[in-house]
Every structure is written in C-alpha cells, then in structure tokens.
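Spelled out, the chains give:
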Amino acid sequence: MVKYLIIGGSAGGVGAVEAIREVDPTGTIALISEEVFPQYSRPMISEFVSQEATLATMKYRSEQFWKKHNVHAYTGKTALNIDFDKKIVKLDDGQKLEYEKLLLATGGRPVVPQMDGVTKEGVFTFTELASAEGITSKLQHAKSAVVLGGGLIGVSVADALVKRGIKITLIELNDRLIHVVLDEKASELAETVIKATGTKLILSQTVKQILGKQGNPNEVGGVLLQDDTIISCDLVVLAVGVNPRIELVEDSKVEIQKGIIVDRFMQTNIPDVYACGDATEAHDFLVKENRRLPLWPLAHVGGRVAGYNMAGQTTEYEGGTVMSSMNYFRLPIISVGKINPEDSSEYEILVDVQPEKPVYRKIVLKDDVIVGFIFLGEVEKAGILFRLIKNQVNVAEVKEKLLSKDFGIISLPETVRKEMFVVH
Amino acid sequence: MKRISVKEDACIGCGICQVYCTLEHSKSKDAIKAYLKEDPKPVSRIRIETNKPVSMSIRCQHCKDTPCVYACLAGAMTLDKKTGLVIHDPEKCMGCWTCIMVCPYGAVKPDSSGKIIAKCDLCPNLDVPACVTNCPNDALLCETVEE
C-alpha cells in the first residue's frame, strides 16, 4: 500500500512531492510518469529547439529529485485505469498500486485538428520534450515551417525556429495574436516586432489540409489554407490548444466538466482523490468560480496545495486567473486578468502608448479596483499591480499615478506599505 | 536569517545604494570599467521610489511564501532553507519574466542582456550588503531576524 500516489511527474506532481515531504518526511510516495525524464521544464522546450537551453539546463528539478525525496518513480509507465472503490491504480505493465491518497496531475494533451494530411511525417505538436526533439532532428534539412496557432505556444515555437534560421509562416484563426491575453493594440505592436524578423503572419485564417512533398506524399510539403492559398513548407507545427487529460476518469464517479472539478483544497468529489493543473477546473480568484487555467505556475501551486492537504495540513488554494508572461522575439509582455472587457461602459481604462519603443501599458479598472492589465515593452512593476488585483485593493487615491514613471510601492497607502515591509 | 529593512524617515532617495549595488555586482568592481566596458552592463538590484517628501530603497525581500519560486517556469529560483534566501540561478533562467509578474514588491527586473533577471542576493560575499554599508544616512539596516 502506497500512502501517496501521484499520476503525473510534471509541475503539479513535483509541487505535490515537495509539499508532502514538508509535512510528512517518511510516508511512502509513488509517482507514475509516461515520460522517462519527467522533471524537465515543459515551457523551456522552445529554448531547447533554439539551442539556448540543453537537457541539463532545462531541468525543473535535479535528476536526483525522486531519490532525494524518497519517491518511488514509475517513469516510462502509463496508468491504465483506476478502481476508486478498491483504491487501486493499474499500470500498463500489469502492476497494481494500492493507495491511500491519490493525486491526478495528468496535465493536458495538445489538440490535433481533424484535417487531411495531419499524420504526414513532419507534422508536430509542441508541448513535450519528444516533440521538441522531433522538430530538432528535422532542422538540418528543413528551410521553412508553418506554425498553426498564434497563441503562446505557437509564438514560442515560431521564435525558436526563427533563431534556428527557419522561415516561418504563422497562421492564426483569430484576428489578433495570443488573443486570450493581448488586445488589438498589443497584438498590433507584437505583430510589427515579429514581422521585422522576416516571419510571415496570416491572421483570421486557418489550414484545411496538409499537403505532401513532390515525390514523397507521406512527407510534409506544404499547407492548403481555407482561402485555397498554398504555402509550401518542410515542417508543420500544430499549436491550436491543449485539452485536459481526463481519459482515466471519464467513465467514473469523478465529477468532470471540461476538466476535473476540484474544491478549494484541490480535492475532487471522491474522498482521498485530489487533482491539479491542466487536467482540472480550479478556482479563479478574479471571477470567483472554477475554470480551466492551463498554466505552469498554477499547476505547480495547485500540486503543492493538494500535497499539503493529502499529508493532513489543511491548506486553501488561493486560485489563479488568466495570466501570462513572455519574452519571445525579445518583446517582454505581461498580461493579467480581464484585459478586454465586454461592456466598456462599466470599466475605466488607463493607457500609455509609445509605439516607437514599443511600449504599451493598459490598466482596466472597475469601481476603482484593478481587474486587469497589459504591460508590453516595460514590465518591471507588473508584480505590484498583480498584488493589487489579487487583494482587490481600492486604488481610487492613486489612480492617476498608476501609469506614471514614479508609481511604486511608495504610492500605496502607508498602511498597505507597512504591512508589506519591515519599516522602522 | 539576514534581512535588510528600511528606515523610511531617514531615506533621502540619493541613490548611492544603487551605485554600490551595481558595483558589487560588476565583474571589475570598478565603476568606470563596469560602466564603459562590461557586457552585459551590471545593473542595480535596487529601485529608488520617491513620493515627495518620502523616499524608499526597495529590493527583493526574500519572502517567506516565495511566490517567485513557485511561479518560476525553469526551476531557476529556489529557497535556501538554511538561510531563508531566495536564490536565482542565472544558468537556468530562461528570461520568461514570470517572477516579475508575481513579485509583490516589483523587486525583480530584467538584467541588461534582456535574457535573464536580476535581483538582490544580499551580497553573499560580504558580511554586510554593499547598499547597507554605504548608505550615507543609515537608512538601511541589516538585521538577523528570527524565522
């Protein structure tokens, strides 16, 4: 019998192991991971492709991590099914693991759109080391690539491939890039920076078929767009989204909507069964309800909270919200919360635009409380605003200073400041 | 553990702490060489904020709850449990700025290369951090605080 069983060895699984060991140094922990080298940073696979990171530098935790924390790691193994009544997980090699507490940290799976040619050689997704290694192995002979999807993952892979000298066409169905976290203006500025690298951007468009190479129809030779344009290329990267991996619990008593539903303690509706990360729908502190937020830091913190609770230290998950930070194409962008309010009459919007730099900063307020912001080009004080959003601080007194050069912690009311600092 | 605290009434916002911070984090430890010749140029890990008549010198507070450590995509930020310090490993940093997004003090910033971050490390090679030693008005205090 294993005291703590974790399925998934990425951000959430690692967070859970660290938290459990803070509370319970000896209880048995076992972890199942499909990947042989699970403790790497998935967001760093673009740095791996661009050769800015190596397998050694992209380790999220050291190779001794499992040993150091006395974890029995079943790497390269898949959990096949779970018997929640008997509390047993069956592995693909026939082993059965009996548990006391179970964490589902199964993550997400990249969406592969149904279209002709999607199984051709040279078509990749981009969420795992294996896909990064696959792309890397093709780069010696590839000259051009089509990236389908202008979200964070699409932009990250485009940046990496540009650095490797590959000619990129980035295709996005929406009319702007990274539409979840950017507004029209931010996208326009980002587009200018990206196009300056020679990258071709095609917005409001998508691929309907992947075409073969002349002489070898099984290998990627190009794509056919919805408007019948043909773009030739040697590689296609599909970056259109990630779905929660819920196949283990799909026909069970575990409550699922799009993802596994968890409470503020990261517990599912089944006693002793917890879940975290991309597989779940968890608390959003801004909208105050559960939603899917497939973000690495939230997976890690969710895993930690699950770990504490599994080990008996009751801990509430603060929640996350839509938030992104990036530095692709050497353009720093941080975006948090509601940045495109649907009914603008209820919101106040403060803006600072300096297109020549480029710098674009936008803050969205509702009833004198910040609900979202985009900082593009200049990001240094973003964390102060993040705290103001998270704590729902009324900023009526400092509103006109929020975008000034002098804004800082010193602009906050003295009581807030003294709470934050040891001040004499 | 070591901590720097600020005497708000004594800080005059002169910026000398920034100068000594920059110098301490330069390769040459020589102001002229560091400014003219080093690449990437060393940056100060301190920000001076002024809201007249009050000024304040702000740096990483080595928070107990370490939001930057939990947010770090690369595993480059770690908490040293012995010293209570938040340590940044420049070799592992991928420059994603996620720590900047979550730092409540705004005390993490991109270094001059634009590829990794810079933040206060409490001058590990010195008994007392350079900013504290060189503050002309004794506005900064280096204390050992209980965990």
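Below, the structure is looked at part by part.

The subject of this paragraph is unusual backbone geometry. When glycine is set aside, most residues are seen to have a negative phi, and most peptide bonds are trans. For the bond from Asp39(B) to Pro40(B), the omega torsion is 0°, close enough to zero to count as cis. Of note, Pro40(B) is situated in the loop between helix 2 (31–37) and strand 2 (47–51). Across the junction of Lys52(B) and Pro53(B), the peptide omega takes the value 10°, indicating a cis bond. Relative to the helices and strands, Pro53(B) resides in the loop between strand 2 and strand 3 (54–58). Phi is positive for Met266(A), close to 65°, though the residue is something other than glycine. Following the sequence through the fold, Met266(A) ends up in the loop between strand 17 (260–261) and strand 18 (273–275). When its relative accessible area of 1% is taken as the criterion, Met266(A) is described as buried. The backbone of Leu122(B) sits at a positive phi, close to 55°, despite the residue not being glycine. Relative to the helices and strands, Leu122(B) resides in the loop between strand 7 (117–118) and helix 5 (130–134). Accessibility expressed as a relative area gives 4% for Leu122(B), which makes it buried.

Residues and elements named next belong to chain A. This model, assessed by the stated rule, comprises five aromatic pairs over all chains. For the ring pair Phe285 and Phe386, a centre distance of 6.3 Å and an interplane angle of 80° mean the geometry is edge-to-face. Of this pair, Phe285 sits in the loop between strand 19 (280–284) and strand 20 (289–291) while Phe386 sits in helix 8 (residues 382–390), and the two are 101 residues apart along the sequence. An identical accessibility class is assigned to Phe285 and Phe386; each is buried. Over the ring of Tyr60 we find Arg61, and its NZ or CZ is 4.2 Å from the ring centre.

The rules we used
Residues numbered from 1 in each chain as written. Chains lettered and ligands numbered in written order. Predicted model: local features only at pLDDT ≥ 70, side-chain atom pairs only at ≥ 80, totals over all residues. Heavy atoms only, no water. Helix = DSSP H or I, 4+ residues; strand = E, 2+ residues; numbered from the N terminus. Buried < 20%, exposed > 50% of the residue type's maximum accessible area, 1.4 Å probe, protein only. Phe/Tyr/Trp six-rings, centres within 6.5 Å; stacked < 30°, edge-to-face > 60°. Lys NZ or Arg CZ within 6 Å of the ring centre and 35° of its normal.

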